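Structural description and commentary
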Amino acid sequence: MILDVDTGVDDACALMVAALHPGLDLKAVTCVGGNAPLDDVVRNTLTVLGLLEVRDVPVGVGAARPLLEEPVDARHVHGSDGMADLGLPAPLLEPDGRTAVEVLRDTVATTADAGTPPTLLPLAPMTNIALFARLHPEVFARLGQVVFMGGGAEISNATAAAEFNVFHDPEAAAIVLDACATHEVPVTMYGLDVFYAPRVSDAQAERLRGIDTAAAQLAAALVSFHARRFDADGATIGDAGAVTMLVCPKAVRTERLPVRVELTGSFTRGRTIVDRRDWTGDLAHDPHGLAPAQVDVALEADGPLLVDTWL
Ligand code: BDR
Ligand code: CA
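Residues numbered from 1 in each chain as written. Chains lettered and ligands numbered in written order. Predicted model: local features only at pLDDT ≥ 70, side-chain atom pairs only at ≥ 80, totals over all residues.

1. Side note on the nonpolar core
One broad trend across soluble globular proteins is that nonpolar side chains are buried collectively. Quick note on the threshold: Note on terminology: a nonpolar core is any set of buried Ala, Val, Leu, Ile, Met, Phe, Trp, Tyr and Cys residues joined through C-beta atoms within 7 Å. For the exposure call, what matters is how many other C-beta atoms sit within 10 Å of a residue's own: 20 or more marks it buried, 12 or fewer exposed, and in between partly exposed, using C-beta atoms placed from the backbone. A helix here means a DSSP run of H or I that spans at least four residues, while a strand means a run of E at least two residues long, and both kinds are numbered starting from the N terminus. Contact criterion: two residues are in contact if their C-beta atoms, reconstructed from the backbone, are within 7 Å.
Judged by nonpolar contacts, the single largest core of 102 residues is most densely connected at Leu3, Ala14, Leu15, Cys31, Leu121, Val176 and Leu177. In terms of residues, this core owes the most to one element, helix H1 (residues 9–20), which gives nine residues. Not counting chain neighbours up to four residues away, the residues in contact with Leu177 comprise Val187, Val259, Val261, Ala293 and Val295.

Structural data, given as structure tokens:
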């Protein structure tokens, strides 16, 4: 699989499970500006992979800003360096010489050639993925599936209507959903309806702290940061839940539903419009004309099972 990240406390938790779980095979990582400015994201990503001693996974540097708008970061959530201000050492690893889009193009082509169309997991604003879909549609079409963290059927966070990743670059999200529909690439939305369900308890965090490996120590520090700042009821693992779902699909209930991205509303820009009516099969009656993407929307999650698997 390939991860697209804006590391980010919970992206770091996602990188850890992607790199270390024996059931997962991380082929490449691409970086995009989001939670923090792009330079910080690249540094944080390389620091995490370095601590995990993952040296053979290319890290591609991608878009610093959304397609249309100025970037708005989330350092108030992730700390001034985007990584919980843990004072981590500068990375020894270097990014790949190719751009994120080139890394995506090459990795998807090589992996698909080898007979295993890869899973692409955008855990960040989807600017890199939209550029990839537009520049190399014939390679995008070779993806096995897209599983993205973003949006929500009911819940929002960046605004009253929209989730951060989609809100940050709504055009990109719309392009990616459209490309999935056009090229018949299955797409799953791991959105805010399930995002907050997996929570690491204090006892689990304590257990992590007692394990003498770089990965466990980093995980414990990230989880404690989240717990201290936001979560009275255990620390959420955020993006890591979307990766963990791949090795534990029974933990998440999805429903295939039409999804569009709101691009124009004054107060609703960036909202994912999930159509849960039960009479929408006949698109001839759709007043919007264009067929929406059919998306496997995650609606319920067994949080404790996801956390056990992540740990
Ligand atoms: C998403 O926004 C970011 O802050 C997190 O990393 C996650 O990808 C949640 O809305
Ligand atoms: Ca993220």
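2. Notes on helix H5 (residues 127–135)
Burial runs high along H5: seven of the nine residues are buried. Here H5 has its buried residues at Thr127, Asn128, Ile129, Ala130, Leu131, Phe132 and Ala133. At its buried positions, H5 is contacted by strand E1 (2–5), strand E2 (28–31), helix H4 (100–113), strand E4 (119–122), helix H6 (137–140) and helix H8 (170–183).

3. Examining the packing of helix H12 (residues 240–247) against helix H13 (residues 303–310)
The geometry of a pair of packed helices is captured by two quantities: the angle between their axes and the separation between those axes. The cut-off we apply is this: Lines fitted to the C-alpha atoms define the axes, with helices restricted to the stretch that makes contact. Angles between their N-to-C directions range from 0 to 180 degrees. Each angle receives one of four descriptions, namely roughly parallel if under 35 degrees, roughly antiparallel if over 145, roughly perpendicular if within 65 to 115, and oblique otherwise. Residues are grouped as follows: nonpolar covers Ala, Val, Leu, Ile, Met, Phe, Trp, Tyr, Cys and Pro; charged covers Asp, Glu, Lys and Arg; every other residue, Gly included, is treated as polar.
Where H12 contacts H13, the axes come no closer than 9 Å and their chain directions differ by 85 degrees. Judged on the interaxial angle alone, H13 and H12 are roughly perpendicular. Contact residues: Ala240, Gly241, Thr244, Met245 and Val247 in H12; Leu306, Thr309 and Trp310 in H13. Taken together, the residues that form the contact of H12 with H13 break down as five nonpolar, three polar and no charged.

4. Let's talk about the environment of Ala172
Along the chain, Ala172 turns up in helix H8. Along the chain, Ala172 and Leu311 lie 139 residues apart, while their C-alpha atoms are 32 Å from each other. Setting aside residues up to four positions removed in sequence, Ala172 forms contacts with Pro66, Leu67, Pro125, Met126, Thr127, Ile129 and Ala130.

5. A few points about the sheet that holds strand E3 (residues 59–61)
Sheet strands pair by backbone hydrogen bonding; their relative direction is either parallel or antiparallel. Here is the rule: The pairing criterion for strands is at least two bridges between them, as found by DSSP.
Taken together, nine strands build an open sheet; the order of strands is E3-E2-E1-E4-E5-E6-E11-E9-E10 and the sheet is mixed. Each edge of the open sheet carries a strand with a single partner, namely E3 and strand E10 (272–274). With direction set aside, neighbouring strand axes in the sheet form an average angle of 30 degrees. Across the face of the sheet, H4 comes into contact with E1, E2 and E3 while running at roughly 155 degrees to E2.

6. With respect to the packing of H1 against H12
Where H1 meets H12, the closest approach of the two axes is 7 Å, and the angle between their N-to-C directions is 25 degrees. Classified by the angle their axes make, H1 and H12 are roughly parallel. Within the contact between the two elements, H1 uses Asp10, Cys13, Ala14, Val17 and Ala18 and H12 uses Ala240, Ala242, Val243 and Thr244. Classifying every residue of the contact of H1 with H12 by side-chain character gives seven nonpolar, one polar and one charged.

By themselves, these are just geometric observations and shouldn't be taken as functional.
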